Amino acid sequence: MDLTISSLLFFALLTSSAIATSPCASPSDSSDLSVIHIYGKCSPFDPPKPAESWVNTVLDMASKDPERVEYLSTLVAQKTTSVPIAPGQQTINIGNYVVQIKIGTPSQLMYMVLDTSNDEAWVPCSGCAGCSATTFSPNTSSTYGSLDCSVPQCTQVRGFQCPTVGSGGCFFNQSYGGDSSFSATLVKDSLTLGKDVVPNYAFGCIGAVSGGSIPPQGLLGLGRGPLSLLSQTGALYSGVFSYCLPSFKSYYFSGSLKLGPVGQPKSIRTTPLLRNPHRPSLYYVNLTGISVGRVLVPVDPKFLAFDPDTGAGTIMDSGTVITRFVEPLYNVTRDEFRKQVQGPFSSLGAFDTCFTASSGATAPVITFHFPDLDLKLPLENSLIHSSSGSLACLAMAAAPNNVNSVLNVIANLQQQNLRIMYDVTNSRMGIARELCN
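Conventions and cut-offs
- Residues numbered from 1 in each chain as written.
- Predicted model: local features only at pLDDT ≥ 70, side-chain atom pairs only at ≥ 80, totals over all residues.
- Heavy atoms only, no water.
- Salt bridge = Lys/Arg side-chain N within 4 Å of Asp/Glu carboxyl O.
- Helix = DSSP H or I, 4+ residues; strand = E, 2+ residues; numbered from the N terminus.
- Pairing = 2+ DSSP bridges.
- Contact = heavy atoms within 4.5 Å.
- Axes fitted to C-alpha atoms, helices over the stretch in contact; angles between N-to-C directions.
- Core = buried A, V, L, I, M, F, W, Y, C linked by side-chain atoms within 4.5 Å.
- Buried < 20%, exposed > 50% of the residue type's maximum accessible area, 1.4 Å probe, protein only.
- Expected span 1.5 Å × (residues − 1).
- Arc of directions from axis to C-beta.
- Disulfide = S-S within 2.5 Å.

**Some details on the pattern of salt bridges**
Phase 1 of the analysis: Counted according to the given criterion, the structure contains 6 salt bridges.
Phase 2 of the analysis: A salt bridge links Glu336 to Lys339; the nearest nitrogen and oxygen atoms lie 3.6 Å apart. Taken together, the positions of Glu336 and Lys339, both in helix 6 (residues 327-341) and 3 residues apart, correspond to about one turn of that helix.
Phase 3 of the analysis: Taking the shortest distance from any N to any O, the salt bridge between Glu380 and Arg433 comes out at 3.1 Å. Here Glu380 is found in helix 8 (residues 379-382), whereas its partner Arg433 is found in strand 28 (residues 428-433), with 53 residues between them in sequence.
Phase 4 of the analysis: Here the residues in one salt-bridge network are Arg334, Asp335 and Asp352, joined through shared partners.

Here is the structure:
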C-alpha cells in the first residue's frame, strides 16, 4: 500500500486485551497508551483516495491550518459567544489525532480528537442535528447525569447560557477550528481511559453542529483550564502527560501517550511553561530565538516576546499541522535557510521554499531555542519530501495574511518522533528525542 494515501493522523487508544505479539497491541500499563496512524492496519477508518504526491498530502492535511491559527488567536477566558447553529453533514476530514475513549455504563466507544489547546470534552449525542452516524446514547447509560446552571462547572465552560431567573440545564455554544460551531448541554458520566475509570466526568453533549471542522466523534481537551482532562483527573495523573507522535508516514508501529508522572523520561530537558490569564488553555513557551545551521537569525525580539495582554508569544499545539510563525519571524528564518541551501526555489501551496531533493542532503538543521532547552529539529521534521523523492520543501509557513495574529504555533509535524512532556503542576515542558514510528 502506498503510504501517501494517509491524509490525517489520529491518536488511538488500543484496548489492553490486544494480543501482545500484534503490531496493534497496547501496553498492559494503562498509563502508557498507544498512538497509531488513522489509516494504518490498526485504524478503524477507511483510507481516502491517494494524493498525487506526499507534499500534496501534507498540504491537504494543513488546509485548515489558517482557520485554526485564527481560532487559536481569538481564544479568551470566559468569553460568552453566540454562534449560528445549522445542520451539516460531518465527515472524517480533519488533520488531527484521536484517542479511543469509552463513555458511560455500559461503556460506549468513541474516537475523540485529542486537542492540547482546548479544555472541554464534547461528543455528539443521539438525536444530534448534522452529526455523524456514531453518537453517544445517554439513555442507555446508568451513570449518566445532567448538570444544571447551579453547578460551578457551568460557569467554567466557554459560551455558557443560563436563565437569568431560576435554574435550568447548562447550555453552551462554541466555535471550533475557525469555520465551525456547535451547541451542547453540559452533562456528566463515567469516562474510561484504558483501565482507568473517571466517574462523573463533565463534558458537552452536542445537539447540533454547523461547518466541516467539528470532530465527528467528539473531542477530548488536554488544555490547562478547569474542565480539561488534567484538571478533572488531578489526583489520578498529577497534572502530567506526554506523547510521542509517529510520523505522518507511520503504518504499523505506534507512538504513545503517557498519563501521569510514572514512566516519564528521567533525563528529559525542560523549559518553563508560561501562563496567559486571557488564554488559559494554551501551552505558552518562551521561544527566545531560531538558528539555521550555525546562524542565529536576526529578529526583533518583539516577534518572540510573550505578552499576556495581546496574546503574543509561542504555543505548542497538537491540532495544527505545520508550524506557523508571524510573518517577520518566518521571513528571516526562511531567507537564512535559502541562503544556505542556495536553490533554485519554487512554491507549492503553503510551502514557498521547495527545491530539488539532492540539495536536501546539505540542508541546515533548524534549532528552536528556549530557556534551558534547545530543540534541534531532525531533517524529517523540517523538510517534506515528495513521493518520488525529487522535491523537498521547508515544512513551515507564515501565519495567514488575513489573520491579525501575534501568535507563533509549533505544530504537530515539528513534534513528531519526540517525547513532549507537559508538567502543569510544576509549570514546565520537556522534550527528548524518541523514535516512535
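From this point on, the discussion continues.
**As for the sheet that holds strand 16 (residues 295-296)**
Phase 1 of the analysis: Taken together, the 4 strands give an open sheet; going across it, the order is 16-15-21-22, and neighbouring strands pair in antiparallel fashion. Either end of the sheet is taken by a strand with one partner, and the two such strands are strand 16 and strand 22 (373-376).
Phase 2 of the analysis: Pairing between strand 15 (residues 289-292) and strand 21 (residues 366-370): 4 bridges, direction antiparallel. Bridge pairing links Gly289 to His369 in strand 21.
Phase 3 of the analysis: Contacts between helix 6 and the sheet are confined to strand 15, strand 16 and strand 21, with strand 15 contributing the most and set at about 15 degrees to the helix.

**A closer look at the side chain of Arg334**
Phase 1 of the analysis: Here Arg334 is to be found in helix 6.
Phase 2 of the analysis: Contact partners of Arg334, with chain neighbours within four places excluded, come to Asp352, Thr353 and Leu394.

**So, the environment of Asn139**
Phase 1 of the analysis: One can find Asn139 in the loop between strand 4 (122-129) and strand 5 (145-146).
Phase 2 of the analysis: Here the alpha-carbon distance between Asn139 and Ser126, two residues 13 residues apart in the chain, equals 9.0 Å.

**Focus on the nonpolar core**
Phase 1 of the analysis: Counting 75 residues, the largest nonpolar core has Ile103, Met112, Leu220, Phe241, Phe337, Phe368 and Met429 as the members making the most contacts within it.
Phase 2 of the analysis: Here Phe241 is in contact with Thr116, Leu222, Leu230, Leu257, Lys258, Leu259, Gln264, Tyr283, Ile420, Met421 and Tyr422, once residues within four sequence places are set aside.
Phase 3 of the analysis: Counting residues in each nonpolar core, the second largest holds 22 residues, with Val113, Cys131, Val157 and Leu227 among its members.

**A look at the sheet that holds strand 19 (residues 346-348)**
Sheet strands line up and pair through hydrogen bonds in the backbone, either parallel or antiparallel.
Phase 1 of the analysis: A sheet is described by the order of its strands in space; here 4 strands give the open sequence 19-20-24-23, paired in antiparallel fashion. The two strands at the open ends of the sheet, each matched to only one other strand, are strand 19 and strand 23 (383-385). Neighbouring strand axes in the sheet, compared pairwise and without regard to direction, differ in orientation by 40 degrees on average.
Phase 2 of the analysis: Pairing analysis gives 3 bridges linking strand 20 (residues 351-356) to strand 24 (residues 391-394), with the strands arranged antiparallel. Bridge assignment links Phe355 to a residue of strand 24, and that residue is Ala392.
Phase 3 of the analysis: In the packing of helix 6 onto the sheet, contacts are made with strand 20, strand 23 and strand 24, and the angle to strand 20 comes to roughly 10 degrees.

**A look at unusual backbone geometry**
Phase 1 of the analysis: For the peptide bond that leads from Thr105 to Pro106, omega is -5 degrees, which places it in the cis range.
Phase 2 of the analysis: Tracing the backbone shows Pro106 in the loop between strand 2 (98-103) and strand 3 (108-115).
Phase 3 of the analysis: Looking along the chain, the bond that leaves Gly343 and enters Pro344 is cis, with omega of 5 degrees.
Phase 4 of the analysis: Here the phi dihedral of Asn200 falls at roughly 55 degrees; this positive angle occurs in a residue that is not glycine.
Phase 5 of the analysis: Summarising the element assignment, Asn200 is placed in strand 9 (residues 196-210).

**Observations regarding helix 6**
Phase 1 of the analysis: For helix 6, which comprises 15 residues, the first-to-last C-alpha distance of 21 Å matches the rise-based estimate of 21 Å (1.5 Å per residue) to within 8%.
Phase 2 of the analysis: When we look at burial in helix 6, the residues that qualify are Leu329, Tyr330, Thr333, Arg334, Glu336, Phe337 and Val341. Along helix 6, the residues classed as buried sweep out an arc of 165 degrees about the axis, all on the same side.
Phase 3 of the analysis: Taken from the residues just after helix 6, Gln342 is the one with a positive phi, measuring 70 degrees.

**A closer look at the state of the cysteines**
By definition, a disulfide is the covalent link that joins the sulfur atoms of two cysteine residues.
Phase 1 of the analysis: Enumeration over the complete set of coordinates arrives at 5 disulfides.
Phase 2 of the analysis: Linked covalently through their sulfurs, Cys125 and Cys205 form a disulfide whose S-S length is 1.9 Å. Negative torsions about the S-S bond denote left-handed disulfides, and the value of about -140 degrees found for Cys125 with Cys205 makes this one left-handed. On the criterion of sequence distance, the pair formed by Cys125 in strand 4 and Cys205 in strand 9 is long-range, its members being 80 residues apart.
Phase 3 of the analysis: Judged by relative accessible area, Cys125 falls into the buried class, the value being 3%.
Phase 4 of the analysis: With relative accessibility at 12%, the residue Cys205 sits in the buried group.
Phase 5 of the analysis: Sulfur-sulfur distance for the disulfide between Cys154 and Cys170 comes to 2.1 Å. Taking the sign of the S-S torsion, about 95 degrees here, the bridge from Cys154 to Cys170 comes out right-handed. With a gap of 16 residues between them, Cys154 in helix 3 (residues 152-156) and Cys170 in the loop between strand 6 (160-161) and strand 7 (171-176) connect regions that are remote in the sequence. You'll find Cys154 and Cys170 in the same group, each marked buried.

**Some remarks on the environment of Ser183**
Phase 1 of the analysis: Positionally, Ser183 belongs in strand 8 (residues 180-193).
Phase 2 of the analysis: Accessibility expressed as a relative area gives 18% for Ser183, which makes it buried.
Phase 3 of the analysis: As for Ser183 and Ser210, which are separated by 27 residues in sequence, their C-alpha atoms are 9.1 Å apart.

**Looking at the pairing of strand 15**
Phase 1 of the analysis: Of the two faces of strand 15, the one lined by Gly289 and Ser291 and the one lined by Ile290 and Val292 are each fully buried.
Phase 2 of the analysis: In the sheet, strand 15 pairs with strand 16 via 2 bridges, with the strands oriented antiparallel. Paired with Ser291 across the two strands is Leu296, which belongs to strand 16.
Phase 3 of the analysis: Where strand 15 folds back on strand 16, the antiparallel hairpin that results is connected by 2 residues, among which Gly293 adopts a positive phi of roughly 65 degrees.

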